[in-house]
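Residue-level listing of the chains:
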Amino acid sequence: MLHTMNRSVRRAVICAIGLVLAAVAVGVSGAAPPLWTGRTENAAAAGAQSAGPLKTFPLFTRGSGKLRAYEANGTGGLKAGYEMGGGFGDATALAAANVSEGGRGNDLYHRMNNSLYYTAEHGNDTKLIGSGWDIYNLLVCVGNMGGTSGPDLVGRDAAGALWLYPGNPDGTLAARVRIGSGGWNAMTALAGRGDYTGDGKADLLARHSDGNLYLYPGTGSAVADGALGTRIALGAGWNAYKALVSAGDTDGDGKTDLIASEPSGALWLFKGTGKAAAPFAPRVQIGTAGWAAFDVLF
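Residues numbered from 1 in each chain as written. Predicted model: local features only at pLDDT ≥ 70, side-chain atom pairs only at ≥ 80, totals over all residues. Heavy atoms only, no water.

*Asks:* Please clarify how the pairing of strand E10 (residues 162-167) should be interpreted in this entry.
*Replies:* In the case of a regular strand, side chains alternate between the two sheet surfaces. The element E10 is extensively covered by neighbouring structure, given that six of its six residues are classed as buried. The alternating pattern of E10 places Leu 162, Leu 164 and Pro 166 and Trp 163, Tyr 165 and Gly 167 on opposite faces, both of which are buried. In this sheet, E10 lies alongside strand E9 (residues 150-157) in antiparallel orientation, the contact comprising five bridges. In the strand pairing of E10, Gly 155 is matched with Trp 163. Connecting E9 to the next strand, E10, in antiparallel fashion are four residues, including Gly 160 with a positive phi near 95°. Where E10 meets strand E11 (residues 177-180), three bridges bridge the pair, whose relative direction is antiparallel. When the bridges of E11 are listed, Leu 162 appears paired with Gly 180. (Buried < 20%, exposed > 50% of the residue type's maximum accessible area, 1.4 Å probe, protein only. Helix = DSSP H or I, 4+ residues; strand = E, 2+ residues; numbered from the N terminus. Pairing = 2+ DSSP bridges.)

Printed below as a string of structure tokens:
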């Protein structure tokens, strides 16, 4: 969604999808209609970013079944949002990932009717990734955690195990790798899409049901039960936030940040420091009201 001149996000239009597979599969093309079908002006921060995969992403929201995008203004705040279309009320998971165009596209994964779909920012096809995805009660994009060619998805199953799906350049996903053997059902939020420790590897943030936040340093390897290092406690009180989400380097200083929304509708930015022991500076308010209207931020 970011480009030097008027690059656009396609409007989302979901139609009834009657695609069914027998089991979870990867790399299967489908005939679902395109999601990003319209054009909206987008002249955000990509012009200031060097060539290569994006590190600053829009913040996406869903409210009343409609998606909106809010791009970074370059100083830590967000530009006015714009609507991307409706029809997403039945989507049970939404994740943005910079897969296409060499990592410079803002693309969408969404789950509907037990199936997972991928749509590139530019193009005419929505790709069926596979069915059977309702086995996960949480899906999130974590950036390139496995050290492969693209950003990865992480899913949590009903038993509390955590699974990593390494991303391919065409939006398909490689075979899953278990990165957490159990206990992850105690977590009420997961976030990532960047490096919080300053070692150049994508990390994972997890909020426990007791309100404590933990940083799990990424090892850069998609090895079974070896993708995450020893967790670091970041403090209590994070249950004060309705949602935690990373849009990468929101303030443009080269470090990954974290965005948090309060039930009251206020929005806060925790600027990244790049230091594992204290990865966030004191919070800065970037939205005063209205964010409670959205049921999903991603």
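The structure having been displayed, the exposition proceeds.
*Asks:* Hey, could you run me through the side chain of Ser 261 in this one?
*Replies:* Counting through the fold element by element, Ser 261 comes out in strand E17 (residues 258-261). For Ser 261, the contacting residues outside a window of four places in its chain are Tyr 241, Lys 242, Ala 243, Ala 266, Leu 267 and Leu 297. (Contact = heavy atoms within 4.5 Å.)

*Asks:* Can you help me understand the sheet that holds strand E8 (residues 136-143) in this one?
*Replies:* Either a parallel or an antiparallel arrangement is found when strands of a sheet pair, and the pairing is made through backbone hydrogen bonds. Strand order in the open sheet formed by four strands is E8-E9-E10-E11, and the pairing between neighbours is antiparallel. The sheet is open, and its two edges are formed by E8 and E11, each paired on a single side. Each neighbouring strand pair of the sheet contributes to a mean axis angle of 30°, computed without reference to strand direction. With six bridges connecting them, E8 and E9 associate as antiparallel partners. Opposite Leu 138, over in E9, you have Arg 156 as the bridge partner. (Axes fitted to C-alpha atoms, helices over the stretch in contact; angles between N-to-C directions.)

*Asks:* How do you make sense of the side chain of Thr 172 when you look at a structure like this?
*Replies:* Looking at where Thr 172 falls in the secondary structure, it is placed in the loop between E10 and E11. Engagement of the side chain of Thr 172 in a polar contact is seen with the side chain of Asp 170, the distance being 2.6 Å. (Polar contact = N/O pair within 3.5 Å; in protein donor to acceptor, adjacent residues only side chain to side chain.)

*Asks:* Would you mind going over the pairing of strand E7 (residues 126-131) with me for this structure?
*Replies:* Most of E7 sits out of view: six of its six residues are buried. Pairing between strand E6 (residues 115-119) and E7: five bridges, direction antiparallel. Bridge assignment links Tyr 118 to a residue of E7, and that residue is Lys 127. From the end of E6 to the start of E7, which pair antiparallel, there are six residues, and Gly 123 there has a positive phi angle of about 135°.

*Asks:* Can you help me understand the sheet that holds strand E4 (residues 93-97) in this one?
*Replies:* The strand order across the open sheet formed by four strands is E4-E5-E6-E7, and the pairing between neighbours is antiparallel. Two strands bound the open sheet, and with one partner strand each, they are E4 and E7. Strand-to-strand twist of the sheet, defined as the mean angle between neighbouring strand axes without regard to direction, takes the value 20°. Looking at chain direction, E4 and strand E5 (residues 107-112) are connected through five bridges and run antiparallel. Within E5, the residue paired with Ala 97 across the bridge is Asp 107.

*Asks:* Sorry if this is basic, but what is going on with empty space enclosed by the protein here?
*Replies:* Where empty space is left becomes clear once a probe the size of a water molecule has been rolled over the atoms. A complete count under the given rule lists one cavity of 30 Å³ or more for this structure. Here the largest cavity defines a volume of roughly 30 Å³. Every residue along the wall of the largest cavity is listed here: Ala 93, Leu 94, Ala 95, Tyr 109, Leu 116, Leu 139 and Leu 153. Sorting elements by how many residues they give to the lining of the largest cavity places E4 first, with three residues. (1 Å grid on protein atoms, 1.4 Å probe; cavity = no way out; pocket = protein on both sides within 12 Å on 5 of 7 lines; lining within 4 Å. Points joined across faces, edges and corners; volume = space filled by probe spheres on them.)

*Asks:* Would you mind going over the packing of aromatic side chains with me for this structure?
*Replies:* Here the distance between the centres and the angle between the planes together describe a pair of aromatic rings. Within this structure, the stated rule accounts for 15 aromatic pairs. Measuring from ring centre to ring centre gives 5.4 Å for Phe 60 and Phe 298, while their planes differ by 20°; the resulting arrangement is stacked. Of this pair, Phe 60 sits in strand E1 (residues 59-63) while Phe 298 is found in the segment after strand E20 (296-297), placing the two residues 238 residues apart along the sequence. This pair shows no difference in class: Phe 60 is buried, exactly as Phe 298 is. In this structure an aromatic cluster arises from ring pairing among Tyr 196, Trp 238, Tyr 241, Phe 270 and Phe 280. Above the plane of the ring of Trp 268 lies Arg 283, whose end atom (NZ or CZ) is 3.5 Å from the centre. (Phe/Tyr/Trp six-rings, centres within 6.5 Å; stacked < 30°, edge-to-face > 60°. Lys NZ or Arg CZ within 6 Å of the ring centre and 35° of its normal.)

Nothing here speaks to function; it is all geometry.
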